[in-house]
Amino acid sequence: MKKRLTALLLMLALLVPCLPLAAAAEDTPVAASTNTKLIAFTFDDGPSTYTATLLDGLKARGAKATFFMNGTNGSHGIVNHKDLLTRMRDEGHQLANHTYQHLIPFDSYGASTISSEVSRVESLLFDRMGGSYTDMVRTPGGATGGAVKSTVAAPIILWSVDPLDWKYRNANTVYNNIIKGAHDGAIVLTHDIYQTSVQGALRAIDTLKAQGYEFVTVAELLRRRGITPQNGVVYTSAPNKGTNLPAYTAPTITSTPGDNGVSVTFSTADKGLTLYYTTSTATPHLGSQKYTGPITITKDTTFTVVGIDKYGTRTPVTTKTVAGIPPTSAPTVSYENGLLTLSCATAGASIYYTTDGSTPTAESTPYTGPFAPTTTTKCIAMLSGHLNSPVVTCTLTKYGRLFTDVPAESWYYDSVGEVVEQGLMNGTSAYTFSPDTVVTRAMLTTVLYNLAGKPEVGDNLGYPYADVDANAYYALPVYWARANGLVTGYNDETFAPNDTVTREQAAVLLYRLANYLGMDTSARADLSVYTDAAQVSAYAQEAMQWAVASGLLNGRTATTLAPQGSATRAEGAKILTSFTALT
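Bear in mind that the values here come from a model prediction, so they are computed numbers and not experimental data.

(A) Highlighting the pattern of salt bridges. Within this structure, the stated rule accounts for 13 salt bridges. Arg-225 serves as the salt-bridge partner of Asp-184, at 2.9 Å between the closest nitrogen and oxygen. Pair noted here: Asp-184 is in the loop between helix H7 (171-181) and strand S6 (186-191) and Arg-225 is in the loop between helix H9 (218-224) and strand S8 (227-228), with a separation of 41 residues, a long-range link. Two residues, Glu-214 and Arg-224, come together in a salt bridge whose shortest N-O distance is 2.6 Å.

(B) Molecular detail of helix H12 (residues 475-483). Among the residues of H12, those classed as buried are Ala-475, Pro-477, Val-478, Tyr-479, Trp-480 and Ala-481. Contacts from the buried residues of H12 go to helix H11 (441-451) and helix H13 (503-516). One or two residues past the end of H12 sits Gly-485, with phi positive at roughly 75°.

(C) Expanded view of the packing of aromatic side chains. Per the counting criterion, the structure on display carries 16 aromatic pairs. Look at Phe-43 and Phe-67: their rings are 5.6 Å apart centre to centre, the planes differ by 25°, and that puts the pair in the stacked class. Taken together, the residues Phe-43 in strand S2 (residues 37-44) and Phe-67 in strand S3 (residues 66-69) connect sequence positions 24 residues apart. Summarising the burial analysis for this pair, Phe-43 and Phe-67 share the class buried.

(D) Looking closely at the sheet that holds strand S20 (residues 365-366). Read across the sheet, 5 strands follow the order S20-S19-S21-S22-S23 without closing on themselves; strand pairing throughout is antiparallel. At either margin of the open sheet sits one strand with a lone partner, and together these are S20 and strand S23 (402-403). With 5 bridges joining them, strand S19 (residues 350-354) and strand S21 (residues 376-382) adopt antiparallel strand pairing. Among the inter-strand pairings, Ile-351 is bridged to a residue of S21, identified as Ala-381.

(E) Here's a closer look at the environment of Val-508. The residue Val-508 is located in helix H13 in this model. A relative accessible area of 6% places Val-508 in the buried class. A C-alpha to C-alpha distance of 8.4 Å links Val-508 and Tyr-539, two positions 31 residues apart in sequence. Those residues within four positions of Val-508 in sequence are excluded, and the remaining contacts are Tyr-539, Ala-540 and Ala-543.

(F) Highlighting the packing of H7 against helix H8 (residues 195-210). With their axes 8 Å apart at the nearest point, H7 and H8 run at an angle of 40° to one another. Judged on the interaxial angle alone, H8 and H7 are oblique. Considering the relative orientation of H7 and H8, their crossing is right-handed. Side by side, H7 and H8 meet where Ala-171, Asn-172, Val-174, Tyr-175, Ile-178 and Ile-179 of the first sit next to Thr-196, Ser-197, Gln-199, Gly-200, Ala-201, Arg-203, Ala-204, Thr-207 and Leu-208 of the second. Across the contact of H7 with H8, the residue classes tally to 8 nonpolar, 6 polar and 1 charged.

Rules used throughout
- Residues numbered from 1 in each chain as written.
- Predicted model: local features only at pLDDT ≥ 70, side-chain atom pairs only at ≥ 80, totals over all residues.
- Heavy atoms only, no water.
- Salt bridge = Lys/Arg side-chain N within 4 Å of Asp/Glu carboxyl O.
- Helix = DSSP H or I, 4+ residues; strand = E, 2+ residues; numbered from the N terminus.
- Buried < 20%, exposed > 50% of the residue type's maximum accessible area, 1.4 Å probe, protein only.
- Contact = heavy atoms within 4.5 Å.
- Phe/Tyr/Trp six-rings, centres within 6.5 Å; stacked < 30°, edge-to-face > 60°.
- Pairing = 2+ DSSP bridges.
- Axes fitted to C-alpha atoms, helices over the stretch in contact; angles between N-to-C directions.
- Parallel < 35°, antiparallel > 145°, perpendicular 65-115°, else oblique.
- Left-handed = near helix turned anticlockwise from the far one by under 90°.
- Nonpolar A, V, L, I, M, F, W, Y, C, P; charged D, E, K, R; others polar.

So far we have only geometry, and geometry alone does not tell us how the molecule works.
Okay, structure coming up:
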């Protein structure tokens, strides 16, 4: 009688799991590898101290599994074994949800508790996976009553093979029960919190592998059987009903040399995948760099690429080192006594230049020695087997100062030449002005000091700011400006010399300087013509009206004044030339 009852129960176990599958959408059947037998081993209640051994065994056997994990379960659970989740992820296993505290009976709790138990583990899984994905849930005890189905916003995964490993705690019994119940499309329930379960499961995998089974995650099992999991729907197995899709294939890495370097492209033949990559041998995950298009490299680079679907299932890993094309260093310039000298740090490189503003090529004038540049001289370095260097543009101001970042056609070209010639501003290096660099409090205060004629400061410098070094280039200007009420520090008695200056702050300081110099500051402009006039601070209203009326400041666009925008060095040069024209 007992054997008959056991046989009846086994028959029911094989029939019942098929029922929920009718609720899931199925893709068009694909006749591919139709004889492949698939089985999904799952492990509940962990991770535990035995999980690392299990992972070793799975790796040695080339088997993938699904881990339904608790947040905390005595000494087990994610909270106590977080690092194991990283290993599971990198070795291609599925990280799944078994609720936070394993409350029993789970379906006796209300929707709020059920939702919290699921979402707390989901957050832990997303953290270790590096991003969000469609989670799968196994409820404690396989509970599906009460508010479970309507509350769990994820597919609910049960099982079709239960070796009762939690009851017997015997490796041989676990092994025998798995082998007896195993079938194509089965989902096997085990627990990695028992050493005997780990031993029995690995032994069963060996036997089933010899029988032709392929060991996949639950998500992969459902996908390959054409099943699209639905939230709140229970799945217990995925028998072969004519759809047996192939496994995901590894992405392809291809490379093509180009003018700017080697263009590297990743691709996949599988649908529904997003490609992620690292520039090392580290396995990518959801938090890694997402591939959006060809990548250009100039040096040898190792790429590791995977595809990941919406359920967190990833493809095999592809790793490839792509040879780059080395760049040629940009020409270095030196200008003395009216002659321009060019050199290149790349040994063997040739330099070509033009003096008419055109882009140099290998057909341009080869550099053989110092020469007199024109207003715009452009040069490039070339070497066979290397990328061409960037083009360096050398521009002479009308005062004979050479810069490599002040184009002759720029709106600030004349202003830069004038302020540098007058000593109001300096370059940021021998041949650069850095026009797009924002103006700092130290820079602008120094400019004010220069505009005032560098007056004597005297011996009594007043109370020094804590962050102003007496040896700094801006020390005397700051002390002078402070003593004459042009600048103030912050409430903590600091000056913050490296803080950037907004356009309205620049206007205020110039307004104060104009008054200090006795200039006429009565002019006022109507700021209401600008759509952002309301952004002008109350303390800066008069200064901004004067600065706009005097032509010191113009709108950033025809309709915006950008009073809170950072002032650049190019803008500073333009403002200063306009200011000096007023004196």
